[in-house]
Amino acid sequence: MQRDSVDEPKTVSIDAAKIVAKIEEQQLKRWWIAQQMGVDARTLRRWLNGQVKKMHLDNLTHLAEVLRCSKDELVVKSTADVFTNHNQLNVTADIIDNEGLVYDIFAEGKWGLIENILKAIIHFNMPRNGLAKIYINLSLLSWVQYNLEDSEAYAIKALDIGNKTQSSDIIYRAKVLLSLKKIFNSELAIAKELLEEVACKSLDTEVLSFCYINLGINLLFFGDYQQSEQILQTSFTFIDALKDSKSKSMMQNTAHAVLANLYFDAGRFTEARQSCLTSLQVAKNCGYKRGIGLALIRLAELTALEGQTAEGVKLFEEGMSLISPSEVLLMIYESGGSVYRLHGDFDRAEAAVRQGLSQSKSYTGEGTLYLQLAKIEYERKQPAKAQNYLNQAKKSFKSAGCMMRLLALESQCSEVHDPL
């Protein structure tokens, strides 16, 4: 009898995932299980979390009795039988964050894949800052797919954790992401305040790069082209200091893309083309499909303005093929309206713009789209309709607080007989 007990191992490797499944299946309380086994609740928690991978046979026997199953059902029978545990999930989260894997998958435009991976990593016992980083990435993914409500919700969750743990890095990242919803919801003054706070306090080059790019976007929406250009040029100082090549390239692409939009809106078409080509090249170098698509779409509008309308349509449709429906921005609908209008295809131009209006969530976006509709109707020789859309554009800019855009539009209309 004594010999048998010596030969039998005193501890065995337990399968935490199977044990948890049994507990949840029977809807048992963990404190009650610990009490029945005669162990401390913290000890049970370590077993269930995978922190402790082995259990004494006596404890395993008691646990099997409590769960009304055989001991064999609760142990690891081979290395192929091992399920992940919370520690492994935490390590996975760190690897994804530290190795830049988010940017790698991000560049491929596989939003659903990375979103599902990040959500699968979350568990109830995850370190709070690790959880906050996942929320930050989920917020960014939601924003890219124009799901502004989810983007804001994730950013708020991250900010709440950042405030509780007093992590300035988490707080500043969350505030930059919160500013995105404000920008696209035409709450430009609030967004500017959030971004300026981060710009003054953060020391992280990645945070500052993202912050300055979005501050440039904010000022571009305001119509303050001069200050927007200064801020965007400053962003390259922080972008150039980034160590991760993938994130650096994607930030460079975004900054040049915003500059291209700025120069285009300001009528500086030569500079717009140069920034657009730079953005396109950077995107190609790092395999950033969305960046390539957006650059081609802006290049299409510039090409059409130069009189090569058929080539402009071709470039626009090539760019659209690289962008998934979930990430289409209002700028794309505006550009589509412009390209097709310049090509003389007014019906397709109007359809593109109206599709944008149906998805618009900001007065600023609506203003640019109404302005495009006004141009379409003017070229259709429908001045009354053109004037009506022009008035709606002015109203939208005014509601968004884009007074500089409004003043520029009114000045343009008063100086020439052509209202556009």
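For the structure given in this document, a descriptive report is provided here.

Quick notes on the rules
- Counting starts from 1 at the beginning of each chain's written sequence and moves along it residue by residue.
- The predicted nature of this model means local features are confined to residues of pLDDT at least 70 and side-chain atom pairs, given and counted, to a pLDDT of 80 or more, with totals for whole chains, interfaces and linings taken over all residues.
- Computation of side-chain values: all heavy atoms of the structure, hydrogens and water removed.
- Secondary structure elements follow DSSP: runs of H or I of four or more residues count as helices, runs of E of two or more count as strands, with numbering from the N terminus.
- Here the globule rule reads 2.2 Å times residues to the power 0.38, and the radius of gyration is calculated from C-alpha atoms.
- A 1.4 Å probe rolled over the protein chains alone gives each residue an accessible area, and that area as a share of the maximum for its type sets the label: buried under 20%, exposed over 50%, partly exposed in between.
- When checking whether two residues touch, look at their non-hydrogen atoms; a contact exists if any pair is within 4.5 Å.
- Shrake-Rupley sampling with a 1.4 Å probe provides the accessible areas, and residues are treated as covered by the protein chains on show and by no other component.
- Counted charges follow a simple rule, with Lys and Arg positive, Asp and Glu negative, and His plus the chain ends left uncounted.
- For this purpose, a charge sits on NZ of Lys, CZ of Arg, CG of Asp or CD of Glu.
- Orientation is described by axes fitted as lines to C-alpha atoms, over the contacting stretch for helices, and by angles from 0 to 180 degrees between their N-to-C directions.
- Geometric relationships in this document are graded by angle, where less than 35 degrees denotes roughly parallel, more than 145 denotes roughly antiparallel, 65 to 115 denotes roughly perpendicular, and other angles denote oblique.
- Crossing handedness is defined as follows: a turn of the near helix away from the far one that is anticlockwise and smaller than a right angle gives a left-handed crossing, while the clockwise case is right-handed.
- Residues were grouped as follows: Ala, Val, Leu, Ile, Met, Phe, Trp, Tyr, Cys and Pro as nonpolar; Asp, Glu, Lys and Arg as charged; and all remaining residues, including Gly, as polar.
- By this rule the span expected of a helix is its residue count minus one, scaled by 1.5 Å.
- By definition, the arc is the one covered by directions from the helix axis to the C-beta atoms.
- The term salt bridge refers to a side-chain nitrogen of Lys or Arg lying within 4 Å of a carboxyl oxygen of Asp or Glu.

1. Some details on the overall build of the chain
1) Next: Looking only at helices and strands, the chain has 23 helices and two strands in total.
2) Next: Here the C-alpha atoms of the chain give a radius of gyration of 28 Å, more than 25% beyond the 22 Å that 2.2 N^0.38 yields for 420 residues.
3) Next: Taken along its principal axes, the extent of the C-alpha atoms in the chain is 105 × 40 × 35 Å.
4) Next: When the 420 residues of the chain are sorted by exposure, 51% land in the buried category.
5) Next: Once local pairs closer than 6 in sequence are excluded, the contacts in the chain between residues at least 24 apart make up 62%.
6) Next: Total accessible area on the chain stands at roughly 20,400 Å², and carbon and sulfur atoms take up 51% of it.
7) Next: In the chain, the 48 positive side-chain charges and the 51 negative ones have mean positions that sit 3 Å from each other.

2. Remarks on the packing of helix H9 (residues 128–144) against helix H11 (residues 168–184)
1) Next: It is at 10 Å that the axes of H9 and H11 come closest, and there the two elements cross at 20°. Considered as vectors, H9 and H11 are oriented roughly parallel to each other. Two packed elements cross with a definite hand, and for H9 against H11 that hand is left-handed. For the pair formed by H9 and H11, the contact residues are Asn 129, Ala 132, Lys 133, Ile 136, Ser 139, Leu 140 and Trp 143 on the first element and Ile 170, Arg 173, Ala 174, Leu 177, Leu 180 and Phe 184 on the second.
2) Next: Looking at the contact of H9 with H11, its residues break down into nine nonpolar, two polar and two charged.

3. What about helix H16 (residues 269–286)?
1) Next: Taking 1.5 Å of rise per residue, the 18 residues of H16 would be expected to cover 26 Å, and the 26 Å separating its terminal C-alpha atoms lies within 8% of that figure.
2) Next: Among all positions in H16, only Ala 272, Ser 275, Cys 276, Ser 279, Leu 280, Val 282, Ala 283 and Cys 286 are buried. Taken around the axis of H16, the buried residues stretch over an arc of 165°, which confines them to a single face. With respect to the buried face of H16, the exposed residues turned more than 90 degrees away are Thr 270 and Asn 285.
3) Next: Tucked inside the fold, the buried residues of H16 contact helix H7 (101–108), helix H15 (245–265) and helix H17 (289–305).
4) Next: Backbone geometry just after H16 places Gly 287 at a positive phi near 70°.

4. Structural notes on the environment of Met 126
1) Next: Locating Met 126 in the fold gives a position in the loop between helix H8 (111–121) and H9.
2) Next: In this structure, the C-alpha to C-alpha distance between Met 126 and Ala 93, residues 33 residues apart in sequence, is 9.7 Å.
3) Next: For Met 126, the residues in contact, after removing those within four places along its chain, are Asn 90, Ala 93, Ile 121, Leu 131 and Ile 134.

5. Some details on the pattern of salt bridges
1) Next: Per the counting criterion, the structure on display carries 26 salt bridges.
2) Next: Salt-bridge contacts for Lys 182 lead to Glu 152; the nearest nitrogen and oxygen are separated by 3.8 Å. Taken as a pair, Lys 182 in helix H11 and Glu 152 in helix H10 (residues 148–165) lie far apart in primary sequence, 30 residues in all. You'll find Lys 182 and Glu 152 in the same group, each marked buried.
3) Next: A salt bridge links Arg 348 to Asp 345; the nearest nitrogen and oxygen atoms lie 4.0 Å apart.
4) Next: Salt bridges sharing partners connect three or more residues here, namely Glu 149, Glu 152, Lys 181, Lys 182 and Glu 187.

This is a description of form; function is not addressed.
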